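Reading the structure
For reference, the chains in residue letters:
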Amino acid sequence: MGRLFAPPDVFTPYHYTAPNCAALLKKYIFPGAAVADVGTGCGILALAAKRYGAGRVFASDIDLQAINCAKINCADTDIEFNVGSLLTGINEKFDGNVI
């Protein structure tokens, strides 16, 4: 996926969890799936879902700095972003949630 931008205060999973979560996404995301990444942090899993074929990806976080960081990392995608608490702004059903 390349190098991610992340200021010191934004969560960036550079340890074993990110590859494991990404591998699970690859296994379970189907073309056109709608996915919500709640607590997106730097946006790595939202980006992975999009790259693995998800149609709609919604990423949220309570931290504006994290959302701004995720927007940079997910530039040139149609991922939707929201600043808010758990599931704020989610009014529809998704095929998969990343929490």
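Residues numbered from 1 in each chain as written. Predicted model: local features only at pLDDT ≥ 70, side-chain atom pairs only at ≥ 80, totals over all residues. Heavy atoms only, no water.

1. Quick word on the state of the cysteines
Disulfide: a covalent bond formed between the sulfur atoms of two cysteine residues. As enumerated under the stated definition, the model contains zero disulfides in all. Free of any disulfide, C69 has its nearest cysteine sulfur in C42, 5.7 Å distant. (Disulfide = S-S within 2.5 Å.)

2. Looking at the pattern of salt bridges
Inspection of every chain in the model, using the stated rule, returns two salt bridges. In this structure, the salt-bridge partner of E80 is R56, at a minimum N-O distance of 2.5 Å. Of this pair, E80 sits in strand β3 (residues 80-83) while R56 sits in strand β2 (residues 56-61), and the two are 24 residues apart along the sequence. (Salt bridge = Lys/Arg side-chain N within 4 Å of Asp/Glu carboxyl O. Helix = DSSP H or I, 4+ residues; strand = E, 2+ residues; numbered from the N terminus.)

3. Things to note about unusual backbone geometry
You will see that D76, though not glycine, has its phi angle at about 70°, which is positive. Mapped onto the secondary structure, D76 falls in the loop between α3 (64-73) and β3.

4. Some remarks on the packing of helix α1 (residues 17-28) against helix α2 (residues 44-51)
Packing of α1 against α2 brings their axes to within 9 Å, and their N-to-C directions diverge by 30°. Classified by the angle their axes make, α1 and α2 are roughly parallel. Read as a crossing pair, α1 and α2 show a hand that is right-handed. For the pair α1 and α2, contact is made by A18, C21, A22 and L25 and by I44, L45, A48 and A49, respectively. A breakdown of the residues in the contact of α1 with α2 according to their chemical character gives eight nonpolar, no polar and no charged. (Axes fitted to C-alpha atoms, helices over the stretch in contact; angles between N-to-C directions. Parallel < 35°, antiparallel > 145°, perpendicular 65-115°, else oblique. Left-handed = near helix turned anticlockwise from the far one by under 90°. Contact = heavy atoms within 4.5 Å. Nonpolar A, V, L, I, M, F, W, Y, C, P; charged D, E, K, R; others polar.)

5. Looking at the confidence of the model for the protein
Within the protein, residue pLDDT values average 83, and 80% of them lie at 70 or more. The lowest-confidence element of the protein is strand β4 (residues 96-98), averaging 61 in pLDDT; the highest-confidence one is α3, averaging 93. (pLDDT = per-residue confidence, 0-100.)

6. As for the pairing of β3
Pairing of β2 with β3, which is carried by four bridges, proceeds in the parallel orientation. For S60, the partnering residue across the bridge sits in β3 and is N82. Assessed by its sense of winding, the connection that carries the chain from β2 through α3 to β3 is right-handed. (Pairing = 2+ DSSP bridges. Right-handed = clockwise from strand over helix to strand, strands pointing away.)

7. Concerning α2
Most of α2 sits out of view: seven of its eight residues are buried. Turning to α2, its buried residues number three or more, namely I44, L45, A46, L47, A48, A49 and K50. Positioned one or two residues after α2, G53 has a phi angle of 110°, which is positive. (Buried < 20%, exposed > 50% of the residue type's maximum accessible area, 1.4 Å probe, protein only.)

8. Some details on the pairing of strand β1 (residues 34-38)
Among the five residues that make up β1, five are buried, leaving the element largely enclosed by the rest of the structure. On β1, burial covers both faces: A34, A36 and V38 on one face and V35 and D37 on the other are all buried. Where β1 lies against β2, five bridges are found, and the strand directions are parallel. Within β2, the residue paired with A34 across the bridge is R56.

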